[in-house]
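Structural description and commentary
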Amino acid sequence: MAESRIPVLGEGALSLRAPEFIRIKQLEEQTSALRSSVICAFNQLLDLKDLNTGVHSTRLAEWGMRVGQELGLEESALQNLEVAALLHDIGKVGIPDAILRKPGKLEPEEYALMKKHPEYGWAVLRMLPGFERAALDILHHHETFDGKGYPAGLKDTEIPVVSRIVCVIDAFDAMVSSRPYRKGLPHEEAVRRLKEASGTQFDPVVVECFLTFAQAEMATVFAAAGTSVSSAL
Ligand SMILES: [Fe+2]
């Protein structure tokens, strides 16, 4: 009796025997489960350092993914975007609490240390097989469109597209999230500031894409999360 074969790359292309196909599927599932576990573990680490902004950052990561889809990113880039959106600030675990939680303005040397967090995040994540590209995207999430960001001073399309997307959603999250020492901005004001810095700090294409659908959903999302939508600054 002939052994069954399952084509995997279309007619005339390479085919695999059923046991091999099943084994590959198992390995893919194990890799995917491991990837999810790593993301969860690092997320818990962010929670331990009180560096997560809860429901907002999750929603913003979802919006970031939608921007990536709208811009036509490939599946592998979208996977990296998911990691980068959720873990872009993982390097802050290496920043002293006295700096992370300082209510006032940072001294120049403190700010210089704070600016190391993208490199710290890259240094950790690049060690994990499968996370090398996301590590690079995290390394560049504080570059600005006009080349005045850090760590490399990349500009425009020199900046990885995933980093440009994370830059916008990270800034928006930072603006609308409340801290112990300040209240989050109303989302209308955060939108105004995003538009104002579009083309200088932010990629205008990403800002426009983000606001196209996010703006329509903000009122309900932020009202549900108990965030001010129209309070004074
Ligand atoms: Fe950051």
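Our subject in this report is the structure included herewith. Note that the structure is predicted; figures quoted are calculated from it, not measured.

With that settled, consider the packing of helix 6 (residues 117-125) against helix 7 (residues 132-139). Close contact between helix 6 and helix 7 brings their axes to 8 Å; oriented N to C, the two are set at 175°. By the criterion of interaxial angle, the relationship of helix 6 to helix 7 is roughly antiparallel. The residues of helix 7 that touch helix 6, namely those facing Pro118, Glu119, Gly121, Trp122 and Leu125, are Ala134, Ala135, Leu136, Ile138 and Leu139. Looking at side-chain class alone, the contact of helix 6 with helix 7 contains eight nonpolar, one polar and one charged residues.

Bringing the nonpolar core into the picture now. Core analysis: the biggest nonpolar cluster contains 41 residues, and Ala84, Val168, Ile169 and Phe210 have the highest contact counts within it. Among the elements of the structure, helix 2 (55-70), helix 3 (75-87), helix 6, helix 7, helix 8 (161-176), helix 9 (187-196) and helix 10 (204-224) are those that each provide at least two residues to this core. The biggest single contributor to this core is helix 8, with nine residues. Not counting residues up to four positions away in its chain, the partners in contact with Ile169 are Leu60, Trp63, Gly64, Ala85 and Phe210.

Here the focus is unusual backbone geometry. Here the amide bond leading from Tyr150 into Pro151 is cis, since omega sits at 10°, within 30 degrees of zero. Within the secondary structure layout, Pro151 lies in the loop between helix 7 and helix 8. Of note in this structure, Asp156 is not a glycine but carries a positive phi near 50°. Relative to the assigned elements, Asp156 resides in the loop between helix 7 and helix 8. Classification of Asp156 by C-beta neighbours within 10 Å gives exposed; the count is 11.

So, how was this worked out
Residues numbered from 1 in each chain as written. Predicted model: local features only at pLDDT ≥ 70, side-chain atom pairs only at ≥ 80, totals over all residues. Axes fitted to C-alpha atoms, helices over the stretch in contact; angles between N-to-C directions. Helix = DSSP H or I, 4+ residues; strand = E, 2+ residues; numbered from the N terminus. Parallel < 35°, antiparallel > 145°, perpendicular 65-115°, else oblique. Contact = placed C-beta atoms within 7 Å. Nonpolar A, V, L, I, M, F, W, Y, C, P; charged D, E, K, R; others polar. Core = buried A, V, L, I, M, F, W, Y, C linked by C-beta atoms within 7 Å. Buried ≥ 20, exposed ≤ 12 C-beta atoms within 10 Å, placed from the backbone.

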